[in-house]
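Single-letter residue listing:
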Amino acid sequence: MKTRKLYLYIAGAIALIMAFTSCTKDLDTIPLDPDEVTSASVYTKDLTNYTKVLAKLYAGLSVTGQEGPAGMGDISGLDEGFSQYLRLYWYAQELSTDEAIISWNDGNLRDFHDQDWSASNEFLAALYYRIYYQISVTNEFLRETTPSRLDERGVAEADKTVINTYRAEARFLRALSYYHAIDLFGSVPFVTEEDNVGSFFPEQISRADLFNFLESELTSIENDLMDAGTSAYGRADKGAAWMLLARLYLNAEVYIGQSRYTECITYCGNILDAGYTLEPEFARLFMADNHTASGIIFPITFDGTFTRTWGGTTFIIHAAVGGTMAPGDFGIDGGWAGLRTTRSLVEKFIDPSILKSFTASRTPLKGSKAYPVRYVPGDHNGWAHDDNNVIASVNSDDNYEGYFWMTDGSGFKITADNTWDENYGDNEPDGVLDLNGSNISVTGDGYYKLYVNWATKEYTFEKTEWGIIGDATPGGWDADTNMEYDAETGEWVLVANLSAGKLKFRANDGWDLNYGDNGADGILESDGADIDVLEPAKYEIRLKLGVPDYTYSIVKTISDERIMFYSDGQSIEINEIFEFTEGWAVTKFTNLTSGGVAGSHLTYTDTDFPLFRIADVYLMYAEAILRGGTGGDPDLALELVNRVIARGYAGDEGANIESDDLTLDFILDERAREFLWETHRRTDLVRFGKFSNSDYVWAWKGGVPEGQPVDSKFDIYPLPASDIAANPNLEQVYY
């Protein structure tokens, strides 16, 4: 098929940026060849064609060309999978920060980690041209949908009204790309639908003038967009425009050196009044059916059947799976072993003082010392002599004990060693062992304590149920708080809110059998000292009996549901960038639905990317007030922040903060917790002065394992060297 190209020349571009296609000189030519596509055949009086072109504008954020997942790419010069808009933007916003690191050594990808990129970085160039491709196609749509053009084609009046809304959406999409340009590159080339189609050198616009253009553009289209929350999912409405304005104003000090926090508060207020609600289940926002989740204001949409790409959430989900992770747990057919996060980011969620406990909680508590033992073979272990089914004499004094889970009707015997040469049962039974005696039988499933005096051969066999008691526990010293037996780990487990105070472990709601900890060494003794709980919090309490030594752990629970890390087989430290198992994996995005079913395709994901969502409005509103914006309500700001926190803790308002805790530093950390891997982090760190030349460092910032500050020029990305060389109107501007 012959094609027609509408050219917008960006000097030195990877390719001439294509809008529709052809080689005819006159853009208004009526084609003689019926297979030739021209503006005259695309833009007719039929509304359907305008709808299809608008769909292409939105698709520019999701797909890479005219075929999917590759083939007939919109831009060239970089592998088409790498060149997808969101994937490139994700690299720039995440890999350059503490939130992400990648184990691939493709081209100059490592420059992002090291913060030492140059104007020749091919990924930055591709991002730049992807932004301008999007701008070019929206410009062309706007040229072809002016009132005069629609009149020439005889478009019906009702359809003109619809197309006018389409134009507003196109202007929003252009503003979104120019927002990315002002944020990432600063002072950039500037073209609109007013510029003639053809080859020319675009003028460079200052960051301040581009800010003014975006402000004017977004406010002027407001009345032409659909009301907030009323447009079809995936399309921009007033809420999306207000959101982009709020972000623009929040970052105004970076862009133009002037604070515009009051305006940020105003537009956040507009969104708050529009009726958006916070999705109660945080994880649903990042699943294959997240189009049904609440609180997404504007997504980049993906579909495993219809919008196939190697970028977008296909990249984010596949690249985050590797090591011992099971791809099926994420609804995909394989992992790419690329993306992890850094210790600095993990510590935003988990207090460094308990980080060791957090990882240790996935491993068994310590076992017995080398005490004298007797073996207890039986139905519970297949009548084997194994070291996990023994009783031990802690004091080497012929007094042996241990705990066993046994089922009703089973039996066991006791042997002097790991042979049957000297074995004991109970013939009567009378509580005294008999050499070569009958099996000792069990009545009722349960966790039994076996005690044997080897000198007298007297024994006791007692079923136990365990709990905690003390003024630190919910029941105080008057009532036990019961624990549950975990058959997989062989431990008694309880998650409970504890007060500052003391506790002990005891069996069967009585004091005949209880344990404390003499010396606070983690080893339990019968009738031992009370165990101290130093501060009120929610704790996971584990009691491991079995074979002495009897041990326990009391660890603050990590109950923030936004903690979506995979640490099994992963080290927290990153000494080697290109080793996937160094750095914790992130499990936030998945191609499983909220019902646990895989998306429509195991390779290409259905999961949409929530570019704008209501939680961001809550935190922007609070930050703008803290930074001095007027017209807002500080009490409401605290309430909004606490809504985000409580949602993270599954509705537990006990995690909420007080007004004195609401500081800018807290906001920055909370944004890291809430928006991990959602393309916010670089912009946030720049706004807070912690991205480049700052004491805040993370693994491999500045190209060293421990991290180091870099020159502040890295707060923006450079214009591609080829563009500056080709366009005499361009120069690199740093701030």
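Coordinates for the structure precede this section.
Residues numbered from 1 in each chain as written. Predicted model: local features only at pLDDT ≥ 70, side-chain atom pairs only at ≥ 80, totals over all residues. Heavy atoms only, no water.

Caption draft 1: Spatial organisation of the packing of aromatic side chains. In the structure shown here, the tally under the stated rule is 53 aromatic pairs. Relative to tryptophan 336, the ring of tryptophan 104 has its centre 6.4 Å away and its plane inclined at 45°; by these criteria the two rings are tilted. Placement of the pair is tryptophan 104 in the loop between strand 1 (101–102) and helix 4 (111–114) and tryptophan 336 in the loop between helix 12 (312–319) and strand 5 (339–340), with a sequence separation of 232 residues. When its relative accessible area of 25% is taken as the criterion, tryptophan 336 is described as partly exposed. When the ring of tryptophan 117 is compared with that of phenylalanine 714, the centres are 5.3 Å apart and the planes differ by 85°; the resulting orientation is edge-to-face. With tryptophan 117 in the loop between helix 4 and helix 5 (122–143) and phenylalanine 714 in the loop between helix 18 (681–687) and helix 19 (721–726), the pair connects residues that are 597 residues apart, well separated along the chain. (Phe/Tyr/Trp six-rings, centres within 6.5 Å; stacked < 30°, edge-to-face > 60°. Helix = DSSP H or I, 4+ residues; strand = E, 2+ residues; numbered from the N terminus. Buried < 20%, exposed > 50% of the residue type's maximum accessible area, 1.4 Å probe, protein only.)

Caption draft 2: Summary view of helix 5. Taking 1.5 Å of rise per residue, the 22 residues of helix 5 would be expected to cover 32 Å, and the 31 Å separating its terminal C-alpha atoms lies within 8% of that figure. The distance from a side-chain oxygen at the start of helix 5 to the backbone nitrogen of phenylalanine 123 is 2.9 Å, and the residue carrying that oxygen is asparagine 121. (Expected span 1.5 Å × (residues − 1). Polar contact = N/O pair within 3.5 Å; in protein donor to acceptor, adjacent residues only side chain to side chain.)

Caption draft 3: Structural view of the sheet that holds strand 24 (residues 537–544). The strand order across the open sheet built from four strands is 18-19-24-25, with neighbouring strands paired in antiparallel fashion. At either margin of the open sheet sits one strand with a lone partner, and together these are strand 18 (484–486) and strand 25 (551–556). Sheet twist, expressed as the mean angle between neighbouring strand axes with direction ignored, is 25°. Pairing between strand 24 and strand 25: six bridges, direction antiparallel. Along strand 25, the bridge assignment pairs tyrosine 539 with lysine 556. (Pairing = 2+ DSSP bridges. Axes fitted to C-alpha atoms, helices over the stretch in contact; angles between N-to-C directions.)

Caption draft 4: Representation of helix 3 (residues 85–95) in the model. The element helix 3 is largely enclosed, with a buried count of 11 among its 11 residues. Within the span of helix 3, buried status applies to Tyr85, Leu86, Arg87, Leu88, Tyr89, Trp90, Tyr91, Ala92, Gln93, Glu94 and Leu95. For helix 3, the N-terminal cap is glutamine 84; the gap from its side-chain oxygen to the backbone nitrogen of leucine 86 is 3.1 Å.

Caption draft 5: Focus on the environment of cysteine 264. Here cysteine 264 shows up in helix 11 (residues 261–272). Through-space distance from the C-alpha of cysteine 264 to that of tryptophan 242 is 9.2 Å; in sequence the pair is 22 residues apart. Non-local contacts of cysteine 264, meaning those with residues more than four positions away in its chain, are made with Ala246, Tyr249, Leu250, Met620 and Ala624. (Contact = heavy atoms within 4.5 Å.)

Caption draft 6: Region of the structure containing the pairing of strand 16 (residues 466–469). Here strand 16 shows no split at all, with Trp466 and Ile468 on one side and Gly467 and Ile469 on the other all buried. Where strand 16 meets strand 17 (residues 481–482), two bridges bridge the pair, whose relative direction is antiparallel. Within strand 17, the residue paired with isoleucine 468 across the bridge is threonine 481.

Caption draft 7: Seen up close, the side chain of glutamate 222. Looking at the secondary structure, you find glutamate 222 in the loop between helix 8 (207–221) and helix 9 (238–250). Lysine 238 provides the closest opposite charge to the buried, unpaired glutamate 222, separated from it by 6.6 Å. Sequence-distant contacts of glutamate 222, that is, excluding residues within four places in its chain, are made with Lys238, Trp242 and Tyr267. (Lys, Arg positive; Asp, Glu negative; His and termini not counted. Salt bridge = Lys/Arg side-chain N within 4 Å of Asp/Glu carboxyl O.)

Caption draft 8: Quick look at the packing of helix 15 (residues 614–626) against helix 16 (residues 634–648). Two elements in contact, helix 15 and helix 16, have axes separated by 9 Å at closest approach and are oriented at 140°. Classified by the interaxial angle, the pair formed by helix 15 and helix 16 is oblique. The way helix 15 lies across helix 16 gives a crossing that is left-handed. Taking contact as the criterion, the partners of Ala615, Tyr618, Leu619, Tyr621, Ala622 and Ile625 in helix 15 are, on helix 16, Pro634, Leu636, Ala637, Leu640, Val641, Arg643, Val644 and Arg647. (Parallel < 35°, antiparallel > 145°, perpendicular 65-115°, else oblique. Left-handed = near helix turned anticlockwise from the far one by under 90°.)

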